[in-house]
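For reference, the chains in residue letters:
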Amino acid sequence: MARRSSSSLLLLVAVAAAAVLLAVAAAVPPTCERIECPAYEVVDSANGFEIRRYTDAMWVSTSPIEDISFVAATRTGFLQLFKYIQGKNAYNETIEMTAPVLTDVSPSDGPFCASSFVVSFYVPAKNQADPPPAEGLHVRRWAGDRYAAVRRFGGFVADADVGEQAAHLDASLQGTRWAAAVNEGRAEDPKTSYTVAQYNSPFEFSGRVNEIWMLFDGAKVGSDVN
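Keep in mind the model is a prediction, meaning the values are calculated, not measured. Every chain is numbered independently, its residues counted from 1 as its sequence is written. Confidence filtering applies because this is a predicted model: local features only for residues at pLDDT of at least 70, side-chain atom pairs given and counted only at 80 or more, and all residues used for totals across whole chains, interfaces and linings. Excluded from the side-chain calculations are hydrogens and water; all other atoms, namely the structure's heavy atoms, are used.

Undergrad: Which parts of the structure should I look at to understand the state of the cysteines?
TA: In a disulfide, the sulfur atoms of two cysteines are held together by a covalent bond. We call a pair of cysteine sulfur atoms a disulfide when they lie within 2.5 Å. For the structure shown, the criterion picks out one disulfide. The disulfide partner of Cys32 is Cys37, and the S-S distance across this bridge is 2.1 Å. The sign of the -90 degrees torsion about the S-S bond sets the Cys32-Cys37 disulfide as left-handed. Assessed through its relative accessible area of 21%, Cys32 is described here as partly exposed. By relative accessible area, Cys37 is classed as buried at 17%. Whether a residue is buried, partly exposed or exposed follows from its accessible area with a 1.4 Å probe, protein chains only, as a fraction of its type maximum: under 20%, in between, or over 50%, in that order.

In structure tokens, the structure reads:
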């Protein structure tokens, strides 16, 4: 009996360890195991959100796109960026695909008014020293640490999803030590209420990963951020 109990205990420990490993693996979007993504460190997590620290990420971004549809605006911006990485740039250089594709969202004042969207592509490390310029696009760098409150969700992103998911993220942050810094970050950048990160190709139909990001300055929280 003692030997059987010991074997059962070892099995339970092994199962628990496997579950922990799976949870850790799930923390990184699976797409980032195949293609390059910006590096980040998770500094906190709770029910409904994760706090990340990004360092020195560089992006190529479109000009603002005015549209009533998030999906349509993201498609328009992605096509511009796809042509850019296929060689439609000043260097005629082909650039490796990365993830995620970001869409900064500045919502309109009403349901039938156009919102403003900026779509961005993460620049691979090998191109960051001299990213090719291109007409209608601009480079922006997150110099130093940049923090993001993040909520993850699956499936294909619909217009109705983005506001709802952003509201869920905002609600989950209330009452936490991050709430004031996130709110202040949004107030300092009124052009962007939140950002949608999409990790998958349009041709991937399962295992899709999307995120809502709210960017902020970690220094606003205090010196205990680590």
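Undergrad: In this structure, what is going on with the pairing of strand 1 (residues 40-46)? I would like to understand it.
TA: The side chains of a regular strand alternate, first on one face of the sheet and then on the other. By the convention used here, strands pair only if DSSP detects at least 2 bridges between them. Only runs of H or I of at least four residues qualify as helices and only runs of E of at least two qualify as strands under DSSP, and these elements are numbered from the N terminus. Pairing of strand 1 with strand 2 (residues 49-55), which is carried by six bridges, proceeds in the antiparallel orientation. Looking at strand 2, one finds that Tyr40 is bridged to Tyr54. The hairpin turn running from strand 1 into strand 2, its antiparallel successor, is two residues long, and Gly48 in that turn takes a positive phi close to 105 degrees.

Undergrad: Sorry if this is basic, but what is going on with the layout of surface pockets here?
TA: The method is simple in principle: a probe with the dimensions of a water molecule rolls over the atoms, and the space it marks as empty is what remains. Within this model, the largest pocket holds a volume of roughly 610 Å³. The element that contributes the greatest number of residues to the lining of the largest pocket is helix 2 (residues 70-85), accounting for seven residues. Looking at side-chain class alone, the lining of the largest pocket contains 14 nonpolar, six polar and four charged residues. The way it works is a 1 Å grid over only the protein atoms, where trapped points that fit a 1.4 Å probe form a cavity and open points with protein on both sides within 12 Å along at least five of seven lines form a pocket, and then any residue with an atom within 4 Å of a point lines it. Grid points are joined across faces, edges and corners, and a volume is the space filled by probe spheres set on the points. Space inside the second largest pocket adds up to approximately 270 Å³. Surrounding the second largest pocket, 17 residues form its lining, Ile68, Ser115, Asp159, Val162 and Tyr194 being those nearest its centre. Where the lining of the second largest pocket is concerned, the elements lending two or more residues are strand 6 (115-122) and helix 3 (159-173). Any residue that is not Ala, Val, Leu, Ile, Met, Phe, Trp, Tyr, Cys, Pro, Asp, Glu, Lys or Arg is counted as polar, Gly included; the first ten are nonpolar and the last four charged. Split into classes, the residues belonging to the lining of the second largest pocket amount to ten nonpolar, five polar and two charged.

That is the geometry; function is a separate question.
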